[in-house]
Amino acid sequence: MSQAYSAEEEVAVAAVRRASHLTSAVFNKLVKNETLTKGDKSPVTVGDFAAQAVISSMLKHAFPEDPIVGEEDAAELRIESGKEMKDRIVALANEALTEELGLGDNQNWGIGPGQEKTDAEILDAIDRGNYEGGSSGRMWTIDPIDGTKGFLRGEQYAVCLSLIVDAQVQVGVIGCPNLPIDPANPEKGTGVIFKAVRGQGTHQLTLSGANPTPLRIPPSTPSTLAFLESVEAAHSKLSFNDRVASLLGIIRPPVRMDSQAKYGCLVRGEGGAYLRMPTGVGYREKIWDHAPGHILVEEAGGVVTDSRGEPLNFGLGRTLGENYGVIAAGKDIHPLVLGAVQKALAEETKAKV
């Protein structure tokens with residue numbers, strides 16, 4: 001008897017693996033080897049679209065009835081001015097889709113030699129990500145390149161995929177092509193996939209999908225704790241994090257990196273707590289930015305809440321609703337971090353009066 005969501009897990013890992021290889025190729029071909037003008041985001045755009053097309057195409061073949069909440073839509077690629085970029089995206093997506101079958105792959109997912117897709121099929125695959133979400137039924141979330149600036153710097157970014165059923169994340173897979181396989185032994189190289197299925201734990205795989213290793217968040221105390229947080233001050237209120245660290249008596253400097261790679265680092269014991277507080281009013285966290293990492297943490301023995309201690313709600317549409325921040329940590333340390341966050345928030349409120 002197969003375990004729950006085993007088919008979804010297999011497809012998700014295979015899709016993230018191919019999309020991770022694609023994004024690495026985009027970086028090597030378009031970022032390292034081309035002269036970019038300052039602020040040129042075109043390689044990220046090409047990688048985003050192509051990776052979403054690959055994942056969405058595979059999901060369509062495996063689970064044709066499942067809707068997708070994705071970051072991209074193909075409107076700008078369907079007009080004449082977008083033809084050059086569209087051609088590049090179609091070529092990259094087909095290159096990834098037609099790679100030789102690897103570990104755990106199945107040609108019924110529309111992959112392998114001879115499985116080229118037409119321009120229309122690639123664009124339609126991208127546009128399948130336009131689902132608005134909701135509180136009932138199945139849906140997938142795709143974030144094809146999470147951590148745009150990390151990607152462009154050749155640092156941390158992530159390819160993220162999750163399955164949500166009736167507003168609860170059931171499967172989460174995150175590919176991190178630039179993350180060390182073993183942080184204690186950097187000579188082992190880079191490139192890992194994290195996966196979690198509800199009730200079945202969290203595992204780390206190589207980028208080929210091999211060597212599944214179970215992960216549990218180790219115990220920590222304020223003396224051993226370091227916050228995992230965003231590189232960009234615009235993404236998270238880093239000065240607030242400093243105040244929380246002071247209240248907790250944390251002495252280690254924060255570990256800063258882009259993307260949901262932070263969730264992967266948390267579940268394998270690097271840091272101890274992930275803290276992301278809003279920088280201002282109005283911004284709403286997208287569900288694809290947290291759903292895969294959310295289940296990684298829970299299945300590794302951790303807790304994820306907002307700053308009120310409430311669980312994140314993935315049934316509100318494409319966002320998590322009003323932003324109260326995100327706190328992820330091991331079960332032992334989460335109450336302490338939550339308490340310090342609430343104290344720091346109370347201080348801010350008092351200072352404004």
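Values in this document were obtained by computation on a predicted structure and should not be read as measured data.

Caption draft 1: Quick look at unusual backbone geometry. At Asp166, a residue that is not glycine, the phi angle is positive and equals roughly 50°. Structurally, Asp166 is set in the loop between β3 (158-165) and β4 (168-180). The class of Asp166 is partly exposed, set by a relative accessible area of 48%. If you check the backbone angles, Asn211 has positive phi at about 55° while not being a glycine.

Caption draft 2: Highlighting the UniProt feature "binding site: Mg(2+)" (unreviewed entry) in the chain. Within this structure's numbering, the places UniProt gives as "binding site: Mg(2+)" (unreviewed entry) are Glu71, Asp143, Ile145, Asp146 and Asp289. Spanning 219 residues, the annotated positions come together in the fold, the maximum distance between their C-alpha atoms being 10.4 Å. Locating Glu71 in the fold gives a position in the loop between β1 (68-70) and α3 (83-97). With residues near it in sequence (within four places) discarded, Glu71 still touches Gln52, Ile142, Asp143, Pro144 and Trp288. Turning to its location among the elements, Asp143 is positioned in strand β2 (residues 138-146). On the basis of relative accessible area, Asp143 is assigned to the buried category, the value being 2%. Every residue in contact with Asp143, bar those within four places of it in the chain, is listed here: Glu71, Ala158, Val159, Cys160, Trp288 and Asp289.

Caption draft 3: Spatial organisation of the nonpolar core. Among the nonpolar cores identified, the biggest contains 52 residues, and Leu59 and Leu161 are the most heavily contacted of them. Going through the elements one at a time, α1 (6-31), α2 (42-62), α3, α4 (119-127), β2, β3, β4 and β5 (190-197) are the ones with two or more residues in this core. Looking at this core, the element that brings in the most residues is α1, giving 12 residues. The contacts of Leu161, once residues within four sequence positions are left out, are Ala12, Ala15, Val16, Ile55, Leu59, Trp140, Thr141, Ile142, Val171, Gly172, Val173 and Pro292. Within the second largest apolar cluster, 35 residues are counted, among which are Leu179, Tyr263, Cys265 and Ile287.

Caption draft 4: Region of interest: the state of the cysteines. Summed over the entire model, instances satisfying the criterion amount to zero disulfides. Its sulfur unpaired, Cys176 is 7.0 Å from the next cysteine sulfur, which belongs to Cys160. By relative accessible area, which is 0% here, Cys176 ends up buried. Free cysteine Cys265: the closest other cysteine sulfur is in Cys176, separated by 7.2 Å.

Caption draft 5: Region of the structure containing the packing of α2 against α3. Here α2 crosses α3 at 45°, and the two axes come no closer than 9 Å. With respect to their mutual orientation, α2 and α3 come out oblique. The handedness of the crossing between α2 and α3 is right-handed. Facing Ser42, Thr45, Val46, Phe49, Ala50, Ala53, Val54, Ser57 and Met58 of α2, the residues of α3 in contact are Met85, Arg88, Ile89, Leu92, Ala93, Ala96 and Leu97. Classifying every residue of the contact of α2 with α3 gives 12 nonpolar, three polar and one charged.

Caption draft 6: Fine view of the side chain of Lys262. If you trace the backbone, Lys262 turns up in helix α7 (residues 261-267). Of the buried charged residues, Lys262 lacks a salt bridge, with Asp258 as the closest side chain of opposite charge at 6.2 Å. Here the side chain of Lys262 touches Met257 through a polar contact of 2.9 Å, landing on its backbone oxygen. Setting aside residues no more than four positions away along its own chain, Lys262 makes contact with Leu228, Glu229, Ser230, Met257 and Tyr274.

Caption draft 7: Fine view of helix α9 (residues 334-352). In a regular helix each residue adds 1.5 Å, so 19 residues correspond to 27 Å; α9 covers 27 Å between its end C-alpha atoms and thus fits that length. Residues His334, Val337, Leu338, Ala340, Val341 and Ala344 constitute the buried set of α9. Down the axis of α9, the smallest arc covering the buried residues is 165°, so these residues share one side. The exposed set on the far side of α9, more than 90 degrees from its buried face, consists of Pro335, Thr349 and Lys350. The secondary structure elements touched by the buried residues of α9 are β8 (226-229), α6 (238-248), β10 (272-276), β11 (302-305) and β12 (326-330).

Caption draft 8: Structural detail: the sheet that holds β8. Taken in spatial order, the five strands make up an open sheet running β9-β8-β10-β12-β11, and their pairing is mixed. Looking at which strands have only one partner, the edges of the open sheet turn out to be β9 (255-256) and β11. With respect to the sheet, α6 is in contact with β8, β9 and β10, its orientation differing from that of β8 by roughly 165°. Running at roughly 150° to β12, α9 makes contact with β8, β10, β11 and β12 of the sheet.

Conventions and cut-offs
- Residues numbered from 1 in each chain as written.
- Predicted model: local features only at pLDDT ≥ 70, side-chain atom pairs only at ≥ 80, totals over all residues.
- Heavy atoms only, no water.
- Helix = DSSP H or I, 4+ residues; strand = E, 2+ residues; numbered from the N terminus.
- Buried < 20%, exposed > 50% of the residue type's maximum accessible area, 1.4 Å probe, protein only.
- UniProt positions renumbered as here; feature names shortened; annotations may be inferred.
- Contact = heavy atoms within 4.5 Å.
- Core = buried A, V, L, I, M, F, W, Y, C linked by side-chain atoms within 4.5 Å.
- Disulfide = S-S within 2.5 Å.
- Axes fitted to C-alpha atoms, helices over the stretch in contact; angles between N-to-C directions.
- Parallel < 35°, antiparallel > 145°, perpendicular 65-115°, else oblique.
- Left-handed = near helix turned anticlockwise from the far one by under 90°.
- Nonpolar A, V, L, I, M, F, W, Y, C, P; charged D, E, K, R; others polar.
- Lys, Arg positive; Asp, Glu negative; His and termini not counted.
- Salt bridge = Lys/Arg side-chain N within 4 Å of Asp/Glu carboxyl O.
- Polar contact = N/O pair within 3.5 Å; in protein donor to acceptor, adjacent residues only side chain to side chain.
- Expected span 1.5 Å × (residues − 1).
- Arc of directions from axis to C-beta.
- Pairing = 2+ DSSP bridges.

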